[in-house]
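Chain by chain, the residues run as shown.
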Amino acid sequence: MNTGALKDKEEEEWTGSALSISIRISVIFIVLCGIIYPLVSTGAAQVIFPKQADGSVIKNEQGQIIGSENIGQQFTSPGLFHGRVSSIEYKAEASGSNNYAPSNPDMHKRTQESVEAWKKENPEVSVNKLPLSLITNSASGLDPHISPESAEVQIPRISKETGLTASQLQELVQKHTEGRDLGLFGEPRVNVLELNIDLQKLSK
């Protein structure tokens with residue numbers, strides 16, 4: 001056998017060996033990363049953080065899922081607390097919002113419409129007391145929380161609609177006010193869905 005033929009045979013064997021190794025490594029990583037790791041991490045999450053792993057769902061008294069702690073819902077009834085503006089109507093499959101600049105005409109129009117709606121629904125409360133967060137969109141459009149101030153400013157309307165006293169509603173807001181994470185991070189907040197669930201119980 002000449003030198004050229006021997007060299008070609010060695011290269012062919014090397015190529016075949018490299019291809020075989022590549023395939024085996026690929027299969028190993030597919031099994032490890034595509035099957036074993038997801039199963040282990042999901043199993044660990046179910047053991048350590050079962051509620052969060054299942055989506056932090058909220059159930060009613062009948063055990064039916066009515067929402068999640070992490071995704072807001074659209075509330076329009078005057079007898080309920082309202083959340084933030086959502087340009088996607090809280091549709092989780094379409095997370096995001098229009099990145100309007102303050103000078104954008106569409107942003108100005110939307111904000112003005114929100115202010116006019118507030119004035120119509122809350123005639124007892126001056127626009128000067130309207131928290132900015134109630135007429136602005138969150139980055140995701142799914143924010144389930146409002147500030148305690150944003151909840152408190154809605155009390156006169158809800159009191160009128162439900163017959164509950166302002167002090168009863170104030171206590172309800174305080175009950176659902178979450179502090180800063182670890183006492184340092186974020187701002188105090190109120191989960192609107194959880195607040196409205198207790199509000200409906202109180203209104204019965």
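Look up: the structure comes first, before these words.
Residues numbered from 1 in each chain as written. Predicted model: local features only at pLDDT ≥ 70, side-chain atom pairs only at ≥ 80, totals over all residues. Heavy atoms only, no water.

K.L.:
Sorry if this is basic, but what is going on with the sheet that holds strand 3 (residues 145-146) here?
P.N.:
Strand pairing in a sheet takes place through backbone hydrogen bonds and is either antiparallel or parallel in direction. Sheet architecture is open: 3 strands sit in the order 3-5-4, paired in antiparallel fashion. What marks the edges here is a single partner per strand, and that holds for strand 3 and strand 4 (177-178). Here strand 3 runs beside strand 5 (residues 189-191); their pairing, made up of 2 bridges, is antiparallel. Looking at strand 5, one finds that His145 is bridged to Asn191. Each of strand 3, strand 4 and strand 5 touches helix 7 (residues 192-203); the most contacted strand, strand 5, lies at about 60 degrees to it. (Pairing = 2+ DSSP bridges. Helix = DSSP H or I, 4+ residues; strand = E, 2+ residues; numbered from the N terminus. Contact = heavy atoms within 4.5 Å. Axes fitted to C-alpha atoms, helices over the stretch in contact; angles between N-to-C directions.)

K.L.:
Hey, could you run me through the packing of helix 6 (residues 166-175) against helix 7 in this one?
P.N.:
The description of two packed helices rests on the angle between their axes and on the distance between the axes. In the contact formed by helix 6 and helix 7, the axes pass within 10 Å of each other and the chain directions differ by 145 degrees. Crossing hand, helix 6 versus helix 7: right-handed. Counted together, Gln168, Leu169, Leu172, Val173 and Lys175 of helix 6 and Leu195, Asp198, Leu199 and Leu202 of helix 7 form the full contact between these two elements. Here the residues of the contact of helix 6 with helix 7 sort into 6 nonpolar, 1 polar and 2 charged. (Left-handed = near helix turned anticlockwise from the far one by under 90°. Nonpolar A, V, L, I, M, F, W, Y, C, P; charged D, E, K, R; others polar.)

K.L.:
Just checking my understanding: could you explain the nonpolar core for this structure?
P.N.:
Counting 25 residues, the largest nonpolar core has Phe81, Val173, Leu195 and Leu199 as its most contacted members. Of all the secondary-structure elements, those providing two or more residues to this core are helix 3 (105-121), helix 5 (155-162), helix 6 and helix 7. If sequence neighbours within four positions are ignored, Phe81 has contacts with Phe75, Ala151, Gln154, Ile155, Arg157, Ile158, Val173, Val192, Leu195, Asn196 and Leu199. (Core = buried A, V, L, I, M, F, W, Y, C linked by side-chain atoms within 4.5 Å. Buried < 20%, exposed > 50% of the residue type's maximum accessible area, 1.4 Å probe, protein only.)

K.L.:
Looking at this model, I keep getting lost on the pattern of salt bridges. Mind explaining?
P.N.:
Side chains carrying opposite charge are able to pair once their charged atoms draw close together. Within the structure shown, the criterion is met by 8 salt bridges. With a closest N to O distance of 2.9 Å, Lys175 and Asp198 form a salt bridge. Taken together, the residues Lys175 in helix 6 and Asp198 in helix 7 connect sequence positions 23 residues apart. For Lys175, a relative accessible area of 59% puts it in the exposed group. With a relative accessible area of 15%, Asp198 lands in the buried category. A salt bridge links Asp198 to Lys201, with the shortest nitrogen-to-oxygen separation between them at 4.0 Å. Remark: Lys201 and Asp198 occur in helix 7; sequence separation between them is 3 residues, near one turn of the helix. Residues participating in the shared-partner salt-bridge network are Lys175, Asp198 and Lys201. (Salt bridge = Lys/Arg side-chain N within 4 Å of Asp/Glu carboxyl O.)

K.L.:
I would appreciate a short explanation of the side chain of Gln154 in the present structure.
P.N.:
On the secondary structure map, Gln154 appears in the loop between helix 4 (148-152) and helix 5. Using a relative accessible area of 1% as the deciding quantity, one classes Gln154 as buried. Looking at Gln154, its side chain comes within polar contact range of the main-chain nitrogen of His82, at 2.7 Å. (Polar contact = N/O pair within 3.5 Å; in protein donor to acceptor, adjacent residues only side chain to side chain.)

Note that all results are geometric; they support no functional claim without further evidence.
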